[in-house]
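# Examining the three-dimensional arrangement
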Amino acid sequence: MKTSTDFLKMKESEEKIVMLTAYDYPSAKQAEHAEVDMILVGDSLGMVVLGYDSTVPVTMADMIHHGKAVKRGAPNTFIVIDMPFMSYHLSVKDTLLNAASLIQETGAQAVKVEGGDDVITHIKALTKAGVPVMAHLGLTPQSVGVLGGYKVQGKNAGAARKLIDDAKKCEEAGAFAVVLECVPKQLTDEIVKQIGIPAIGIGAGAGADGQVLVYHDILTYGVDRVPKFVKQYANSGEMMENAIRAYKDEVKGKLFPKDEHSFTMKDQELSGLYGGKA
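In this text the structure is predicted, and so the values were computed from the model without any measurement.

### Remarks on the overall build of the chain
Within the chain, the secondary structure is distributed over 12 helices and 8 strands. On C-alpha atoms alone, the chain measures out to a radius of gyration of 23 Å, which is more than a quarter above the 19 Å that the 2.2 N^0.38 rule sets for 278 residues. Judged by the C-alpha coordinates and their principal axes, the chain covers about 90 × 40 × 35 Å. Put simply, the chain has 278 residues, and 44% of those count as buried. If you take every contact in the chain between residues at least 6 apart in sequence, the share linking residues at least 24 apart comes to 57%. When the accessible surface of the chain is split by element, carbon and sulfur atoms take 54% of a total near 15000 Å².

### Examining the environment of glycine 107
With respect to the helices, strands and loops of the structure, glycine 107 is situated in the loop between helix H5 (92-106) and strand S4 (110-114). By relative accessible area, glycine 107 is classed as partly exposed at 27%. Residue contacts for glycine 107: discarding those within four places in its chain leaves Lys71 and Leu102.

### As for the nonpolar core
Ile39, Val80, Val111, Ile123 and Met134 are the most contacted members of the largest nonpolar core, which has 70 residues in total. When residues of this core are assigned to their parent elements, the largest contribution, 6 residues, is made by helix H8 (residues 157-173).

### Concerning the pattern of salt bridges
The full count for this structure, using the stated rule, is 9 salt bridges. A salt bridge links aspartate 209 to lysine 11, with the nearest nitrogen and oxygen atoms 2.8 Å apart. One end of the pair, aspartate 209, is in the loop between strand S7 (199-202) and strand S8 (210-214); the other, lysine 11, is in helix H1 (residues 4-12), with 198 residues separating them in the sequence. Accessibility assignment for this pair places aspartate 209 and lysine 11 in one class, buried. A salt bridge links lysine 169 to aspartate 117, with the nearest nitrogen and oxygen atoms 2.9 Å apart. With lysine 169 in helix H8 and aspartate 117 in the loop between S4 and helix H6 (120-128), this pair connects stretches of sequence that are 52 residues apart. With relative accessibility at 28%, the residue lysine 169 sits in the partly exposed group. Given a relative accessible area of 37%, aspartate 117 falls into the partly exposed group.

### Some words on unusual backbone geometry
The omega torsion of the bond from phenylalanine 256 to proline 257 falls at 5°, within 30 degrees of zero and hence cis. Tracing the backbone through its elements, the reader meets proline 257 in the loop between helix H11 (236-252) and helix H12 (267-273). Residues other than glycine seldom take positive phi values, yet cysteine 182 does so here, at roughly 55°. Topologically, cysteine 182 is positioned in the loop between strand S6 (177-181) and helix H9 (185-194).

Parameters and conventions
- Residues numbered from 1 in each chain as written.
- Predicted model: local features only at pLDDT ≥ 70, side-chain atom pairs only at ≥ 80, totals over all residues.
- Heavy atoms only, no water.
- Helix = DSSP H or I, 4+ residues; strand = E, 2+ residues; numbered from the N terminus.
- Rg over C-alpha atoms; globule rule 2.2 N^0.38 Å.
- Buried < 20%, exposed > 50% of the residue type's maximum accessible area, 1.4 Å probe, protein only.
- Contact = heavy atoms within 4.5 Å.
- Areas by Shrake-Rupley, 256 points an atom, 1.4 Å probe, with all protein chains shown as cover.
- Core = buried A, V, L, I, M, F, W, Y, C linked by side-chain atoms within 4.5 Å.
- Salt bridge = Lys/Arg side-chain N within 4 Å of Asp/Glu carboxyl O.

Distances and angles like these do not, on their own, reveal function.
This is how it looks when you write it as structure tokens:
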């Protein structure tokens, strides 16, 4: 299993970091077999697997439940788990207690928090308590209502300078890495140069120290459409629907199950069932 120190070395040697967002045992197992560097148990599970309109309804119980499943599927992969909406905003004490629950109950190696200035104190406290923290800047889905929707962030000079400043503050507070979501590629390039910790991009251009995408997005599994920054590597959803339709058609057409899919009784037992002699 890689460690936070390994990721720093990867940045220094310019080896790209591969992160995949996964939410359950089978997807995590596939990710580990494919040898990704890191798995994120994202609160995007609210939309991807629970059917919510945003990440806001996701609870601590949801994250713990899915985090445990991912850890069972990928016991030898570095796992980061999202702290969900309002689990790290009320007080530093609440942040520490919630992070402790996530780490202790799931076995994840780190937590991820969204935001800049408003979470710096929490990043410091978590790091001091021994909890590795990944920061998340740019488009922060938990704050999408305040941001006015899912929009690219840091497009003007003032906003870009603020993101650079926030990235530096996150590093100073102890974050071992930062996710940059939906920011211009030129801004990503500048942030990568100005901070010493890895910047993992999602919709942030090729200059990031690594990339993260969602399992379901890259496999076209259960998603109707994907953002511009996603590359779909397979259409498993269509393949799965075709398989389900074939199953339905065979049952309706009395083609399934056949004898090879059935169990049998011994002749003497069958005879006894009907009152005959064995």
